[in-house]
Amino acid sequence: MEGQHITGVQVFEPRLRWPVDPGLAQTLTGLTVARLSRRAKYLLFETGSGALMVHLGMSGSLQLKTPPFERRRHDHVLWTLASGAVLVFHDPRRFGSVHWLPSAPGVHPLLVKLGPEPLSSAFDGAYLAAQARGRKVPVKAFLMDGAVVVGVGNIYATEALFLAGIHPRRPAGRISVARYERLAEAVKGVLAQAIEAGGTTLRDFVDGTGQPGYFQQTLRAYGRADQPCLTCGSALKGIRLAQRATVFCPRCQR
DNA sequence: ACTGGCTCCTGAGGGC
DNA sequence: TGCCCTCAGGAGCCAG
């Protein structure tokens, strides 16, 4: 994508998580993608005057295709490039979104309240402990709060808490700095491993080349309710916490 | 200031 | 074989 010139934009379905800006095609046509970057789970296609911002939600994908190809059901936005290739945004559940991010003035409202990147040095045990001070929210919901740290969804929060030996319902403000250090390390480790494996495929996830991720084969807790704990052998417990499926070991996680 | 519940949507999977 | 119901989830928003 880097260096590609956008020659056309077609929006077939603007009803995504946020309605697609009717002026998007007008704004983007004629621009060149200088570089790709990312903030939290928002993908940024930077041009000289601003950025195309895409969120994949949970079922979204982007693929570069070479015409002729048949537009599939749920192919919502197409960008035609000067090379002749077409970038396709496909999202059956429409939890994803497509935005225009002006380079000035200020930050986009969706980005302004976001916490640090989990793989950055700003994210560590001391930071988590400071953020958690006085808070009673269950630590799993705390960890999934984008204002605390970005990028930690349900699966990786479940895995990290298992690795750190922390009970998902424990109030965030009642965890020691030492245990938060362990948790921060667990988050970094789980994310690094998942990225290495190419992501986690639950149902229909595929990457930019159509390949599934393989991290699900490595999951220690998520999706393993009633199965034996890989550490102590006792049965993992499945609960619902903050409207999310949660699995933990009642013996190892306190 | 916090917290918990609701919401969008489609497809998979289970029960009958 | 096929239908119908329930559940799954990212994350912003809102009521209490």
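A few points on the structure. Source: prediction; values computed, not measured. Here the residue numbers are simple positions, counted from 1 along each chain's written sequence. Lettering for chains starts from A, numbering for ligands starts from 1, and both go in the order in which the items are written. Restriction of local features to residues with pLDDT of at least 70 applies here, the model being predicted, together with a cutoff of 80 or more for giving and counting side-chain atom pairs; totals for whole chains, interfaces and linings are based on all residues. Only heavy atoms go into the side-chain values, all of them from the structure, while hydrogens and water stay out.

This paragraph deals with the overall build of chain A. Numbering of helices and strands starts at the N terminus; helices are DSSP runs of H or I of at least 4 residues and strands are runs of E of at least 2. A count of helical and extended segments in chain A gives six helices and ten strands. Based on the C-alpha atoms only, the size of chain A along its principal axes is roughly 60 × 40 × 30 Å. Considering chain A as a whole, with its 254 residues, one finds that 43% of them fall into the buried category. Counting contacts in chain A only where the partners sit at least 6 residues apart, residues at least 24 apart contribute 59% of the total. Here chain A displays about 13000 Å² of accessible surface, and carbon together with sulfur accounts for 53% of that area. Taken together, the 31 basic and 17 acidic charged side chains of chain A have centroids lying 11 Å from each other. For every residue, the accessible area obtained with a 1.4 Å probe (protein chains only) is divided by the maximum for its type, and the residue is called buried under 20%, exposed over 50%, and partly exposed between those limits. The contact criterion used throughout is that any non-hydrogen atoms of two residues lie within 4.5 Å. Every accessible area reported is derived by Shrake-Rupley at a probe size of 1.4 Å, with residue values counting cover from the shown protein chains alone. By the counting scheme adopted, Arg and Lys are positive, Glu and Asp are negative, and His together with the chain ends is not counted. Where a charge sits is defined by one atom per residue type, namely NZ (Lys), CZ (Arg), CG (Asp) or CD (Glu).

In this section: the protein's contact with DNA strand C. In the vicinity of DNA strand C lie 15 residues, with His55, Arg93, Tyr222, Arg240 and Arg244 positioned nearest. Backbone atoms, meaning sugar and phosphate, form 56% of the atoms of DNA strand C found within 4 Å of the protein. The definition of a polar contact used here is a pair of N or O atoms within 3.5 Å, where within protein one atom must be able to donate a hydrogen and the other to accept one, and adjacent residues in sequence count solely through side-chain atom pairs. The separation between a phosphate oxygen of DNA strand C and a polar side-chain atom of Lys41 is 3.4 Å. At 3.2 Å from a phosphate oxygen of DNA strand C is found a side-chain nitrogen or oxygen belonging to Asn154. When grouped by side-chain class, the residues that make up the surface near DNA strand C number seven nonpolar, three polar and five charged. Put simply, a residue is near a molecule or strand once any heavy atom of it comes within 4 Å of that molecule or strand. Following the grouping adopted for this structure description, the nonpolar residues are Ala, Val, Leu, Ile, Met, Phe, Trp, Tyr, Cys and Pro, the charged ones are Asp, Glu, Lys and Arg, and the polar ones are all others, Gly among them.

A separate point is the sheet that holds strand β3 (residues 42-46). Across the sheet, four strands lie side by side as β2-β3-β4-β8; this open sheet has antiparallel pairing. Of all strands in the sheet, those bounded by a partner on one side alone are β2 (35-39) and β8 (97-102). The average angle at which neighbouring strand axes cross in this sheet is 25°, direction not considered. Any two strands with at least two DSSP bridges between them are considered paired. The pairing of β2 with β3 spans five bridges and is antiparallel. Among the inter-strand pairings, Arg39 is bridged to a residue of β3, identified as Tyr42. Axis definition: a line fit to C-alpha positions, over the contact stretch in the case of helices; interaxial angles, taken between N-to-C directions, run 0 to 180 degrees.

The next subject is the state of the cysteines. Two cysteine sulfurs form what is called a disulfide whenever their separation falls within 2.5 Å. The full count for this structure, using the stated rule, is zero disulfides. With no disulfide of its own, Cys232 lies closest to Cys249 among cysteine sulfurs, the gap being 3.7 Å. As a non-bridged cysteine, Cys252 has Cys249 as the owner of its nearest cysteine sulfur, 3.6 Å distant. By relative accessible area, which is 25% here, Cys252 ends up partly exposed.

This brings us to the side chain of Asn154. By the secondary structure assignment, Asn154 is in helix α5 (residues 154-164). The exposure class of Asn154 is buried, given its relative accessible area of 15%. A distance of 2.5 Å separates the side chain of Asn154 from the side chain of Lys140, its partner in a polar contact. Looking at Asn154, its side chain comes within polar contact range of the main-chain oxygen of Ala245, at 3.0 Å.

Surveying the vicinity of DNA strand B reveals twelve residues, the closest of which are His74, Pro92, Arg135, Lys136 and Val137. Considering DNA strand B, the proportion of its atoms within 4 Å of the protein that are sugar or phosphate atoms stands at 66%. Contacts to DNA strand B include Arg135, whose side-chain N or O atom sits 2.8 Å from a phosphate oxygen. In this structure, Gln243 approaches DNA strand B through a side-chain N or O atom, which is 3.2 Å from a base nitrogen. A class-by-class count of the residues in the surface near DNA strand B yields four nonpolar, two polar and six charged.

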